Amino acid sequence: MILIKGGTVVDPVKDRIEKLDIVIDKDRIKDLVPCGKIFESDQFEFIIDAQGMIITRGLVDMHVHLREPGHEYKEDIRSGTLAAVAGGFTDIACMPNTDPVNDNASVTKFILEKAASQGFCRVHPIAAITVAQQGKKLTEFGELKKVGAVAVSDDGKSVLNSDLMRRALEYASYCGLAVISHCEDPFISEGGVMHEGRISTQLGLPGIPAASEEIMVARDILLSKLTKCPVHIAHVSTAGSVQLIKMAKEQGIPVTAETAPHYFSLDHTAVMDYDTNTKVNPPLRTEEDVEAIKSALKEDIIDVIATDHAPHSPLEKEVEFDRAEFGMIGLQSAVPLVLDLVREGVLELTQAIKKLSVNPAFILNISWENINIGQKANLTIIDPEFEYVLTEEMILSKSKNTPFLGKKLKGLVKFTFVDGELKFTSKLKF
Ligand code: DOR
Ligand code: ZN
């Protein structure tokens, strides 16, 4: 048995924070009692002193690029899930833009089998909306659902044909799959490498206007209204998108939305030294957009924080800015960046944890048990005060493409349990 003593347990469902001791027996939570009631004894093979630490149900990241099959030199299911547990995630959903694309049951099954044999956490495959993400023909949603896909998305691209997207919403809803929409009008963003605005003009780099995202957000909201079927908007980055989602929610349209930590932690000025790790799609936006994203999180217009962990190797990143690939890794920096929002007073701690766990689980319809007696022990133990500089050695992902390298972060995942098994222990010490 394992005893976790003196930690602060966050319950995002009951909106409660309590100091509790936790006993884990095999894969389940055996006891959960107010601190100090359980005495250390020989029956515990392992005791964790969690004084000053936050304990949450394992976190859920609904937007991860694992790169396997096809681009294992950037990441694979083993390394990606290792980075996930190091970031506090016990459940991740992986995007289908692999090679081959996850547009059929055999790729979905391959991912699940590989995750079961080599993964450190649970992996929930997201299949493509269209065959080869070509935007022409829908994939076999029913069959994909049957073998374990939780959602469909053509992430990286929009489904341009509105009629096809309408059918996708209807078919997915019928099959019990979530639809995650990458919102981008590729005609208006064509050739752009950063946000179109003051800084792109200054740097002489071609821009991607906010409207590129907002046009598609508006369309997908209208399609959701038309079909009465849910749509989830991926990586929201602009104030205009926030406005549209707010209006849609007020009208009762079944839309949900996510943003990624870089959209509330960085703005387009981060691109000024041409660090290709700041090149991401959608791009880092203006200071006003960052403020709008923060308010939207606070007001629950944005339901989920997901990383959009997008590993790329030096081959794709150590090149001229305009030739570099879009994307940054994010699994291991999410928790400290979200805790910054709590420290700033933007989010309550329970609200932050909700957006990192129960909300994405609900959207994906994956099982999510809270910290309760009898439940499987899926736990993340975080030291919120731990300060450190993010180094390449700490990053367990195969790729190191993050603009937070060399930056000071506050808040560290110390332990992650998946179904009672300790899958990650941080080696960092004060
Ligand atoms: O920056 C991004 N990288 N945005 C996307 O939509 C795709 C992703 C990737 O796959 O690298
Ligand atoms: Zn993505």
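Residues numbered from 1 in each chain as written. Chains lettered and ligands numbered in written order. Predicted model: local features only at pLDDT ≥ 70, side-chain atom pairs only at ≥ 80, totals over all residues. Heavy atoms only, no water.

Peer 1: I'd like a rundown of the overall build of the protein chain, residues and numbers included.
Peer 2: A tally of regular secondary structure across the protein chain gives 14 helices and 18 strands. Taking the principal axes of the C-alpha coordinates as reference, the protein chain spans close to 65 × 45 × 45 Å. Considering only residue pairs separated by 6 or more positions, the protein chain has 74% of its internal contacts joining residues 24 or more positions apart. For the protein chain, the accessible surface area stands at approximately 16,900 Å², while carbon and sulfur atoms represent 53% of it. Between the averaged position of the 47 positive side-chain charges in the protein chain and that of its 62 negative side-chain charges there is a distance of 4 Å. (Helix = DSSP H or I, 4+ residues; strand = E, 2+ residues; numbered from the N terminus. Contact = heavy atoms within 4.5 Å. Areas by Shrake-Rupley, 256 points an atom, 1.4 Å probe, with all protein chains shown as cover. Lys, Arg positive; Asp, Glu negative; His and termini not counted. Charge placed at Lys NZ, Arg CZ, Asp CG, Glu CD.)

Peer 1: Tell me about the sheet that holds strand E13 (residues 231-233), residues and numbers included.
Peer 2: What the eight strands build is an open sheet, ordered E6-E7-E8-E9-E10-E13-E14-E15; its pairing is parallel. Whereas interior strands pair on both sides, the edge strands pair on one side only; in this sheet they are strand E6 (59-64) and strand E15 (304-305). As paired elements, strand E10 (residues 178-181) and E13 share two bridges and run parallel to each other. Within E13, the residue paired with Ser-181 across the bridge is Ile-233. (Pairing = 2+ DSSP bridges.)

Peer 1: Describe the environment of Asp-340, with residues and values.
Peer 2: Relative to the assigned elements, Asp-340 resides in helix H12 (residues 334-344). Using a relative accessible area of 29% as the deciding quantity, one classes Asp-340 as partly exposed. Residues Asp-340 and Pro-384, 44 residues apart in the sequence, show an inter-C-alpha distance of 9.6 Å. (Buried < 20%, exposed > 50% of the residue type's maximum accessible area, 1.4 Å probe, protein only.)

The quantities given are spatial measurements derived from coordinates; they are silent on function.
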